[in-house]
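# Coordinate inspection notes
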Amino acid sequence: MAYTKKIDHQELVACACKLVEQEGVEALSMRRLAQILDVQASSLYNHFADKSALLAEVAERGLYRLAEKLEHASALARPNPRHQIEAMGLTYREWALQHSHIYTLLFMGAPPLEGDAPPSAAATFAPMLAATAQLVGEDQAEAATQAVWAFIHGFVTLELTGHMQRCLPAEGFTLGLTCLVQGLGR
């Protein structure tokens, strides 16, 4: 079978994102992606050294998408930093539940990056860091952001793994986030 179609880098990444989004990381293989795109699997290696490199770019796109959502939520709740943090927390949870496979790739399936965080990670944390800085000051902003992020991530992770079956997760999440945010800067 002769393949003459050339694959565009952006099309390749978009297709990989869609496959991971719909079926999870386990469904992604270079062979399967090549089938979907109607190209030879070997041609994908002109764009990525291996599946890990492709997944890194899928993750990068996912982080930027999450960052955009968080920035938008933060902007809508300005100028009140407590409302911004709550809005970002709710948005984070909603995004994670809607994009559970990408979320799992980002925060539950890969080891933490070594060295400096990529720009996408910095963009994801920036709006939360800015809001916490308004409440607790620059010196404690990183610690406050970590505390809020840990609560949000932990709750969402428990929810995604099915450990929140005995209650209404949305109510517990909202209550916990509100209590945590109200305690910042006091």
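Residues numbered from 1 in each chain as written. Predicted model: local features only at pLDDT ≥ 70, side-chain atom pairs only at ≥ 80, totals over all residues. Heavy atoms only, no water.

## Some thoughts on the overall build of the protein chain
- The helix and strand tally for the protein chain stands at 9 helices and 0 strands.
- Each helix and strand of the protein chain, placed in order from N terminus to C terminus, yields the pattern α-α-α-α-α-α-α-α-α.
- The proportion of buried residues among the 186 residues of the protein chain is 40%.
- Pairs at least 24 residues apart make up 69% of the contacts formed inside the protein chain by residues separated by at least 6 positions.
- Of the roughly 10500 Å² that the protein chain leaves accessible, carbon and sulfur atoms contribute 54%. (Helix = DSSP H or I, 4+ residues; strand = E, 2+ residues; numbered from the N terminus. Buried < 20%, exposed > 50% of the residue type's maximum accessible area, 1.4 Å probe, protein only. Contact = heavy atoms within 4.5 Å. Areas by Shrake-Rupley, 256 points an atom, 1.4 Å probe, with all protein chains shown as cover.)

## So, the packing of helix α4 (residues 51-76) against helix α5 (residues 81-98)
- Across the interface, α4 lies against α5 with an axial gap of 8 Å and an inter-helix angle of 145°. Crossing handedness for the pair α4 and α5: right-handed. Side by side, α4 and α5 meet where Gly62, Arg65, Leu66, Lys69, Leu70, Ala73 and Ser74 of the first sit next to Gln84, Ala87, Met88, Thr91, Tyr92 and Trp95 of the second.
- Partitioned by chemical class, the residues of the contact of α4 with α5 number 7 nonpolar, 4 polar and 2 charged. (Axes fitted to C-alpha atoms, helices over the stretch in contact; angles between N-to-C directions. Left-handed = near helix turned anticlockwise from the far one by under 90°. Nonpolar A, V, L, I, M, F, W, Y, C, P; charged D, E, K, R; others polar.)

## Re the nonpolar core
- Of all hydrophobic cores here, the largest spans 49 residues; its most connected members are Leu33, Leu54 and Ile85.
- Residue assignment for this core shows that the elements contributing at least two residues are α1 (9-23), α2 (30-37), α4, α5, α6 (100-108), α7 (119-136), α8 (138-160) and α9 (169-183).
- The element contributing the most residues to this core is α4, with 8 residues.
- Apart from residues lying up to four places away in sequence, Ile85 is in contact with Met128, Ala131, Thr132, Leu135, Val148, Leu177, Val181 and Leu184. (Core = buried A, V, L, I, M, F, W, Y, C linked by side-chain atoms within 4.5 Å.)

## Comments concerning the packing of aromatic side chains
- Tallying each qualifying case throughout the model produces 8 aromatic pairs.
- A ring pair is formed by Tyr92 and Phe107, whose centres lie 6.1 Å apart and whose planes are at 40°; its orientation type is tilted. With Tyr92 in helix α5 and Phe107 in helix α6, the pair connects residues that are 15 residues apart, well separated along the chain.
- On the basis of relative accessibility, which here comes to 2%, the residue Tyr92 falls in the buried class.
- For the ring pair Phe151 and Phe173, a centre distance of 5.7 Å and an interplane angle of 20° mean the geometry is stacked. (Phe/Tyr/Trp six-rings, centres within 6.5 Å; stacked < 30°, edge-to-face > 60°.)

## What about the side chain of Thr157?
- With respect to the helices and strands, the residue Thr157 is situated in helix α8.
- Ignoring any residue separated from it by four or fewer positions in sequence, one finds Thr157 in contact with Tyr103 and Met108.

## Considering the confidence of the model for the protein chain
- Per-residue confidence for the protein chain gives a mean pLDDT of 89, with 90% of residues at or over 70.
- Between the elements of the protein chain, mean pLDDT differs from a low of 89, seen in α9, to a high of 96, seen in α5. (pLDDT = per-residue confidence, 0-100.)

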